[in-house]
Number of protein chains: 2
Amino acid sequence: MSDADLRHARLYETLRTRICLLDYPPGTKLGEEALAAEFGVSRTPLRRVLARLADEGLLETRHGVGTLVTDVEPSELAHIYALRMELAELSGRLSPREITPEVLDRARAFVEEARALQAAPDPRAFAELNLAFFTFGLTLTANTPLAEIAERLYLRTARIWLARIPSLDLARECEIFAAEVRETLAALEAGDAQAAGLVRRAHVSMSYGRLVG
Amino acid sequence: MSDADLRHARLYETLRTRICLLDYPPGTKLGEEALAAEFGVSRTPLRRVLARLADEGLLETRHGVGTLVTDVEPSELAHIYALRMELAELSGRLSPREITPEVLDRARAFVEEARALQAAPDPRAFAELNLAFFTFGLTLTANTPLAEIAERLYLRTARIWLARIPSLDLARECEIFAAEVRETLAALEAGDAQAAGLVRRAHVSMSYGRLVG
DNA sequence: AACATGCGGGTTGTGTACAACCTGTCTCGT
DNA sequence: ACGAGACAGGTTGTACACAACCCGCATGTT
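Looking at an unreviewed UniProt entry, one finds chain A named Transcriptional regulator, GntR family and attributed to Roseivivax lentus.

Rendered as structure tokens:
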């Protein structure tokens, strides 16, 4: 991978994280000049990154106005969650990878981290751990297009969900998450990747229920 | 929509069509300067379009070498087809739109066009009609994220399939396609969008079988 | 003959200046 | 007082020049 591609990837992931973890809440105006200065590049390569984020629906650029972080419409939120449920099931059914001891170790580590989080709930730590666990789940299928699509949909809605966590019960969300992680580990220990997908599907569904309910 | 966005959309669709309908077969080197001259713009806005096509996996840009039309690996082809099968089913099950008389009219028109194609098989006409029918199928669900994803996956693999049509039997492919269109119409006339999705799923599956078999 | 090396042409990546555009404000006329 | 229109400031879009890079070829060395 070339030098330019690496810079591009770093910028992309940095900005994407900032958007999805609410460092830039929906409606924030970004400003190409300022960002370019912060990262020590000119506007040109930065615009390449912003264009990609805009294509993925995380940003919206308006000529003469600015580059704004998007919000998600309730109806679109419903569509995306419906899709995510189905993709969660597919990620356990299509081209499952072998469940190696390393995978089980990672799952057990997540159980520990979730337990620690539950003991000391924190919104930011919750968001990061949730993202990490989601990414781990994507590694269970060898179907890379499926993994990429599922990731994009998750990132598209994660910030909406995070923004509402305060109005829900953070401690309860942590508890539910810890339970999901434990159930996933149990499924993997039984060698049943499909069950892990169903666990995820169920939790996506319930999460949406709490979100809109 | 602004002026710049319209230009961008036109360029994007034009180039995407050229790639997916094999005007630019895999491996073709595009050349930014030449394309920019053809469309009467500078390299800058053109590069914005090429970047998007690269993000979607249709192009690959290599510094100092050129912008190349990508190929699709057999293993990735398998993954994408597996996904497309599932998404076809979902497109009939998730948020189905009302089947209006206009929808039925369009379906009947496709039956006629498919019949005409069958009478006079032509690779290019086949490719275009197939794309049009696929796009029509996407309008049957109100779940826009699902439709977008399914479209992207179709466009990603369509050219590989088209490239192999000559080594298959064009007349037979036209015949099978005409049957798919008729079956879809029958499902829609019965008011059963889910059945239409299953028809599509079955044909995606069989199409892949003929492709690799 | 085989191989290393430098060079030249061609291509994409980056920086910069300017054009196009939107929005809030201020002024002027009614 | 109120509204229309011009203006100014700030932002993204475009064009162009140059840097960085890859590849094939010629040349010289062993």
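K.L.:
Lay out the interface of chain A and chain B with the relevant residues and their values.
P.N.:
Listed as interface residues are 23 residues of chain A and, on the opposing side, 23 residues of chain B. A salt bridge links B:Arg48 to A:Asp55; the shortest N-O distance between them is 3.3 Å. Counting across the interface, chain A meets chain B through 6 residue pairs in polar contact (both at pLDDT 80 or more). Among the elements of the structure, α3 (43-55), α4 (74-93) and α7 (144-164) of chain A are those that each provide at least two residues to the side of chain A that touches chain B. At 9 residues, the largest contribution of residues to the side of chain A that touches chain B is made by α4(A). By residue class, the composition of the side of chain A that touches chain B is 12 nonpolar, 4 polar and 7 charged.

K.L.:
Requested: an account of the relation of the copies chain A and chain B, with residues and values cited.
P.N.:
Superposition of chain A onto chain B requires a rotation of 180° combined with a translation of 0.1 Å along the rotation axis, giving an RMSD of 0.0 Å. Read as a symmetry element, the transformation amounts to a two-fold axis. Both copies present the same face, since 100% of the interface residues in chain A are matched by interface residues at the equivalent positions in chain B.

K.L.:
Report on the state of the cysteines, specifying residues and quantitative values.
P.N.:
All told, the structure shown has 0 disulfides over all chains when counted by the stated rule. As a non-bridged cysteine, A:Cys174 has A:Cys20 as the owner of its nearest cysteine sulfur, 19 Å distant.

K.L.:
Explain the pattern of salt bridges to me, and be specific about the residues and the numbers.
P.N.:
For the structure on display, the rule yields 38 salt bridges over all chains. In this structure, the salt-bridge partner of B:Arg52 is B:Glu56, at a minimum N-O distance of 3.6 Å. Counted as one network, the salt bridges with shared partners bring together A:Glu86, A:Glu89, A:Arg93, A:Arg201, B:Glu86, B:Glu89, B:Arg93 and B:Arg201.

K.L.:
Give me unusual backbone geometry: which residues, what numbers.
P.N.:
All names here are of chain A. Within the chain, Leu22 stands out as a residue other than glycine whose phi angle is a positive 70°. Relative to the helices and strands, Leu22 resides in the loop between α1 (3-20) and α2 (32-39). The class for Leu22 is partly exposed, based on a relative accessible area of 24%.

K.L.:
Explain the packing of aromatic side chains to me, using residue names and the numbers behind them.
P.N.:
Counted under the stated rule, the structure contains 16 aromatic pairs over all chains. Look at B:Tyr81 and B:Tyr208: their rings are 5.0 Å apart centre to centre, the planes differ by 35°, and that puts the pair in the tilted class. Residue B:Tyr81 is located in helix α4 (residues 74-93), and its partner B:Tyr208 is located in helix α9 (residues 193-212); the two are separated by 127 residues in the primary sequence. Owing to a relative accessible area of 3%, B:Tyr81 belongs among the buried residues under this scheme. The rings of A:Phe110, A:Phe126, A:Phe133, A:Phe136, A:Trp161 and A:Phe177 are connected pair by pair, giving a single aromatic cluster. For the cation-ring pair, A:Arg84 lies above A:Tyr81, with the distance from its terminal atom to the ring centre recorded as 5.2 Å.

K.L.:
Go over the protein's contact with DNA strand C with me, naming the residues and quoting the values.
P.N.:
Taken together, the neighbourhood of DNA strand C is formed by 21 residues, with A:Ser42, A:Thr44, B:Arg43, B:Arg47 and B:Thr67 sitting nearest. Here the atoms of DNA strand C within 4 Å of the protein split so that 61% fall in sugar or phosphate, with bases taking the remainder. B:Thr61 places a polar side-chain atom, nitrogen or oxygen, 3.4 Å from a phosphate oxygen of DNA strand C. Between a base nitrogen of DNA strand C and a main-chain N or O atom of B:Gly64, the distance comes to 3.1 Å.

K.L.:
I'd like a description of helix α7 (residues 144-164) of chain B, backed by residues and values.
P.N.:
With 21 residues, α7(B) should cover 30 Å at 1.5 Å per step; its first-to-last C-alpha distance of 30 Å lies within 8% of that length. The largest bend in α7(B) comes to about 35°, at B:Thr157.

K.L.:
Which residues make up the protein's contact with DNA strand D, and what values do they have?
P.N.:
Taken together, 21 residues surround DNA strand D, and among them A:Arg43, A:Arg47, A:Thr67, B:Ser42 and B:Thr44 come closest. For DNA strand D, the fraction of atoms within 4 Å of the protein that belong to sugar or phosphate moieties is 65%. One of the side-chain nitrogen or oxygen atoms of A:Thr67 is found 2.9 Å away from a phosphate oxygen of DNA strand D. Broken down by secondary-structure element, the contributors of at least two residues to the surface near DNA strand D are α3, β1 (59-62) and β2 (66-69) of chain A together with α1 (3-20) and α3 (43-55) of chain B. When its residues are assigned to classes, the surface near DNA strand D shows 5 nonpolar, 10 polar and 6 charged.

K.L.:
Could you give me a rundown of the UniProt feature "domain: HTH gntR-type" (unreviewed entry) in chain A, with the residues and numbers involved?
P.N.:
With numbering aligned to this structure, UniProt lists the feature "domain: HTH gntR-type" (unreviewed entry) at residues 5-72 of chain A. A distance of 29 Å separates the end C-alpha atoms of residues 5-72 of chain A, which is 54% helix and 12% strand.

K.L.:
An account of the environment of A:Glu151 is needed here, citing residue identities and associated values.
P.N.:
Residue and element names in this part refer to chain A. Tracing the chain through its elements places Glu151 in helix α7. With a relative accessible area of 23%, Glu151 lands in the partly exposed category. C-alpha separation for the pair Glu151 and Gly137, spaced 14 residues apart in sequence, amounts to 10.0 Å. Look past the residues within four positions of Glu151 in its chain and what remains in contact with it is Arg16, Phe134 and Leu138.

K.L.:
Tell me about the nonpolar core, residues and numbers included.
P.N.:
Counting residues in hydrophobic clusters, the biggest one holds 128 residues, and the most contacted among them are A:Leu87 and B:Leu87. If sequence neighbours within four positions are ignored, B:Leu87 has contacts with A:Leu87, B:Leu146, B:Ile149, B:Ala150 and B:Leu153.

K.L.:
Quick one: what's the story with the packing of helix α6 (residues 123-138) of chain A against helix α8 (residues 170-189) of chain A, residue by residue and with numbers?
P.N.:
Residue and element names in this part refer to chain A. Interaxial distance between α6 and α8 falls to 11 Å at its minimum, and their mutual angle equals 20°. With respect to α8, the axis of α6 lies roughly parallel. Note on packing geometry: the crossing formed by α6 with α8 is left-handed. Along its contact with α6, which presents Pro123, Phe126, Leu129, Asn130, Phe133 and Phe136, the element α8 presents Leu170, Glu173, Cys174, Phe177, Glu180, Val181, Thr184 and Leu188. Here the residues of the contact of α6 with α8 sort into 10 nonpolar, 2 polar and 2 charged.

K.L.:
Explain the environment of B:Leu11 residue by residue, including any values.
P.N.:
All names here are of chain B. In this fold, Leu11 is placed in helix α1. Remark: the alpha-carbon pair of Leu11 and Pro45, spanning 34 residues in sequence, is separated by 9.4 Å. When residues no more than four places from it in sequence are discounted, the contact partners of Leu11 are Phe39, Val41, Leu46 and Val49.

Quick notes on the rules
- Residues numbered from 1 in each chain as written.
- Chains lettered and ligands numbered in written order.
- Predicted model: local features only at pLDDT ≥ 70, side-chain atom pairs only at ≥ 80, totals over all residues.
- Heavy atoms only, no water.
- Contact = heavy atoms within 4.5 Å.
- Salt bridge = Lys/Arg side-chain N within 4 Å of Asp/Glu carboxyl O.
- Polar contact = N/O pair within 3.5 Å; in protein donor to acceptor, adjacent residues only side chain to side chain.
- Helix = DSSP H or I, 4+ residues; strand = E, 2+ residues; numbered from the N terminus.
- Nonpolar A, V, L, I, M, F, W, Y, C, P; charged D, E, K, R; others polar.
- Least-squares fit on C-alpha atoms with pLDDT ≥ 70 in both.
- Disulfide = S-S within 2.5 Å.
- Buried < 20%, exposed > 50% of the residue type's maximum accessible area, 1.4 Å probe, protein only.
- Phe/Tyr/Trp six-rings, centres within 6.5 Å; stacked < 30°, edge-to-face > 60°.
- Lys NZ or Arg CZ within 6 Å of the ring centre and 35° of its normal.
- Near = heavy atom within 4 Å.
- Expected span 1.5 Å × (residues − 1).
- Bend = angle between axes of the 7 residues up to and from the residue.
- UniProt positions renumbered as here; feature names shortened; annotations may be inferred.
- Core = buried A, V, L, I, M, F, W, Y, C linked by side-chain atoms within 4.5 Å.
- Axes fitted to C-alpha atoms, helices over the stretch in contact; angles between N-to-C directions.
- Parallel < 35°, antiparallel > 145°, perpendicular 65-115°, else oblique.
- Left-handed = near helix turned anticlockwise from the far one by under 90°.

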